[in-house]
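As a plain string of letters, each chain reads:
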Amino acid sequence: MSVVWAATSPESGLFSPVERRSEVKGLSDRFNDLRSLGQGYVEVRLPNREFPMLMLAFRDDHAVVQLMSDPERMSLLVGDGTVPSDAEVEVPIMGDLATFTGDFVLDVDRAWELVHDFTQMRAAGPLGEWPEL
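First, a word on scope: everything that follows refers to the structure included in this document. (Residues numbered from 1 in each chain as written. Predicted model: local features only at pLDDT ≥ 70, side-chain atom pairs only at ≥ 80, totals over all residues. Heavy atoms only, no water.)

**A look at the overall build of the protein chain**
From N to C terminus, the protein chain includes 2 helices and 9 strands. Each helix and strand of the protein chain, placed in order from N terminus to C terminus, yields the pattern β-β-α-β-β-β-β-β-β-β-α. The C-alpha radius of gyration of the protein chain comes to 14 Å, within 12% of the 14 Å expected for a compact globule of 133 residues. In terms of its C-alpha atoms, the protein chain occupies a principal-axis envelope of roughly 40 × 30 × 25 Å. Scored against the burial criterion, the 133 residues of the protein chain give a buried share of 44%. For the protein chain, the proportion of contacts with a sequence separation of at least 24, taken over those separated by at least 6, is 52%. With an accessible surface of roughly 6,700 Å², the protein chain has 48% of that area assigned to carbon and sulfur atoms. Between the centroid of the 11 positive side chains of the protein chain and the centroid of its 23 negative side chains there is a distance of 9 Å. (Helix = DSSP H or I, 4+ residues; strand = E, 2+ residues; numbered from the N terminus. Rg over C-alpha atoms; globule rule 2.2 N^0.38 Å. Buried < 20%, exposed > 50% of the residue type's maximum accessible area, 1.4 Å probe, protein only. Contact = heavy atoms within 4.5 Å. Areas by Shrake-Rupley, 256 points an atom, 1.4 Å probe, with all protein chains shown as cover. Lys, Arg positive; Asp, Glu negative; His and termini not counted. Charge placed at Lys NZ, Arg CZ, Asp CG, Glu CD.)

Structure representation (structure tokens):
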């Protein structure tokens, strides 16, 4: 099963917007490379469809998952309680650090499972609650 993705470059540490098409294993390999570096940002979508697009941003053990359902609608996945709702966590979004409250923070392993589920189910809705921004 193939996916289209763009991600942080492990060599430079910068987001590379060049999309790649590969089997899910290629995306998984990139995520594992970034995980060993401690942070990264990944965008993934299905072949032949611009939307939905899932974005995973993580730093250390904390992650945020965003959903772009169309060019004008962005949502955040509700967190899993890993971090108290009044705490703040910074994760890299493309090239900059962005701050999110604990309401939207997940454990990085759980976040990766959800991205993987998205690649299998071909839908984001069943993954959890998505308040629109």
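**Points about helix α2 (residues 108–121)**
Structurally, the α-helix is built with 3.6 residues per turn, so residues lying three or four positions apart point the same way. Between its terminal C-alpha atoms α2 stretches 20 Å, which fits the 20 Å expected from 14 residues at 1.5 Å a residue. Listed as buried for α2 are V108, A111, W112, L114, V115, F118 and T119. All buried residues of α2 fall inside an arc of 155 degrees around its axis, so they share one side. Tucked into the core, α2 has its buried residues touching β1 (2–8), α1 (24–37), β3 (39–45), β4 (53–59), β5 (62–70) and β9 (106–107). R122 sits one or two residues past α2 and shows a positive phi near 65 degrees. (Expected span 1.5 Å × (residues − 1). Arc of directions from axis to C-beta.)

**Concerning the pattern of salt bridges**
In total, this model carries 7 salt bridges according to the counting rule given. Between K25 and D29 there is a salt bridge whose closest N-O contact spans 2.9 Å. Of the two residues, K25 and D29 both sit in helix α1, 4 residues apart, roughly one turn of that helix. A relative accessible area of 56% means that K25 is categorised as exposed. Relative accessible area serves as the criterion here: at 34%, D29 is assigned to the partly exposed category. Notably, a salt bridge pairs E90 with R59, separated by 3.5 Å at the nearest N-O pair. Placement of the pair is E90 in strand β7 (residues 88–93) and R59 in strand β4, with a sequence separation of 31 residues. Using a relative accessible area of 38% as the deciding quantity, one classes E90 as partly exposed. Residue R59 is classed as partly exposed on the basis of its relative accessible area of 28%. Three or more residues joined by partner-sharing salt bridges are found here, namely R35, D61 and D109. (Salt bridge = Lys/Arg side-chain N within 4 Å of Asp/Glu carboxyl O.)

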